[in-house]
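The lines below spell out each chain.
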Amino acid sequence: MHPVDPALPDALAHAWDRVVADVADRQPAPGGTVLLGTAAAALLLVLWQPAWRRARYVVTIAHEGGHAVIAVLCGRRLSGVRLHSDTSGLTVSRGRPRGPGMVATFAAGYPAPTVIGLVAAVLLSRGYALAALWTAVLLLALLLVQIRNVFGLYVVLLAAAVVAAVSWWAAAEAKVALAHLGTWFLLFGAPRAVAELQLLRLRGRGHESDADHLARLTRVPGGVWVTLFAAATVGGAVLGVVLLTAQAGVTPP
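Small disclaimer: the values here were computed from a predicted structure and weren't measured. (Residues numbered from 1 in each chain as written. Predicted model: local features only at pLDDT ≥ 70, side-chain atom pairs only at ≥ 80, totals over all residues. Heavy atoms only, no water.)

Turning our eyes to something else, we now look at the nonpolar core. If you look at the biggest cluster of nonpolar residues, it comprises 40 residues, and the most contacted ones within it are W184, F185, F188, L214, F229 and L244. Among the elements of the structure, α2 (32-47), α3 (49-73), α4 (100-107), α5 (112-125), α6 (129-144), α8 (172-202), α9 (210-218) and α10 (222-246) are those that each provide at least two residues to this core. When residues of this core are assigned to their parent elements, the largest contribution, nine residues, is made by α8. Those residues in contact with L214 that sit more than four places away from it in its chain are V103, F106, A107, R219, W225 and F229. The next biggest cluster of nonpolar side chains, apart from the first, holds 11 residues, and it includes A68, L83, L140 and A160. (Core = buried A, V, L, I, M, F, W, Y, C linked by side-chain atoms within 4.5 Å. Buried < 20%, exposed > 50% of the residue type's maximum accessible area, 1.4 Å probe, protein only. Helix = DSSP H or I, 4+ residues; strand = E, 2+ residues; numbered from the N terminus. Contact = heavy atoms within 4.5 Å.)

As structure tokens, this is what we get:
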């Protein structure tokens, strides 16, 4: 066995101290140009189809993470998460096939990106951009251990590596900009994912969607669940816009 490099524990301790300091540190609010520029970039990623096809994986990661977290909180056994190249995903858990826990697990996916975006917006509105970035790294690392396919590993590792690299090496302005871009994207991307869900159902291809699983579990029509998802994501996006624009004194349109 090779002896452990005595400098390694010191390096790890130094890295940990820096992350803790970053999380506790407050950054100045971005100017209106950065705030509106990142919002416009996020809208472009959501509305321009070629960009959305690639960036949508971020929303899928948050969606499946929401299923996974609620499944565990409801006492279900998480079996794993898969992310597919068509931007779909699958979270498998074991437990009672019916009941409140199963309903909550299925209901958690579409609102999850909005919830994460709102938590990030609260942090950003208080000046904690680096805390938002390192929290994203932590959540991605926790999800990584539950991924059960190679493509999913690639997507989550890539996302974690990008956020961690920017958080560690980039200039302060770039860190703040990335935190805002990611937050805007989650807030704007969640309603589009719900719209895609309803379009899929209208085309007769949504029989295995979350809304249709919920319809079978609760006898509440799938269209009602889609409406609830839409209300949650659109309402959350509006609230997020208010939180993010207030920090820089920008009046939302």
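Looking now at the packing of helix α7 (residues 150-169) against α8. Running from N to C, α7 and α8 cross one another at 145°; their axes reach a closest spacing of 8 Å. Crossing angle aside, the handedness with which α7 passes α8 is left-handed. Between α7, through V163, V166, S167 and W168, and α8, the contact on the second element is made entirely by A174, K175 and L178. Among the residues forming the contact of α7 with α8, the class breakdown is five nonpolar, one polar and one charged. (Axes fitted to C-alpha atoms, helices over the stretch in contact; angles between N-to-C directions. Left-handed = near helix turned anticlockwise from the far one by under 90°. Nonpolar A, V, L, I, M, F, W, Y, C, P; charged D, E, K, R; others polar.)

The next thing to look at is the pairing of strand β1 (residues 77-83). The sheet contact formed by β1 and strand β2 (residues 89-94) spans six bridges and is antiparallel. By the bridge assignment for β2, G80 is matched with V92. Between β1 and β2, which pair antiparallel in sequence order, lie five residues; one of them, T87, sits at a positive phi of approximately 75°. (Pairing = 2+ DSSP bridges.)

On to the packing of α4 against α9, then. With their axes 9 Å apart at the nearest point, α4 and α9 run at an angle of 160° to one another. It follows that α4 is roughly antiparallel to α9 by the angle criterion. Considering how the two elements wind past one another, α4 and α9 form a crossing that is left-handed. Contacts from M102, V103, F106 and A107 in α4 reach D210, H213, L214, L217 and T218 in α9. (Parallel < 35°, antiparallel > 145°, perpendicular 65-115°, else oblique.)

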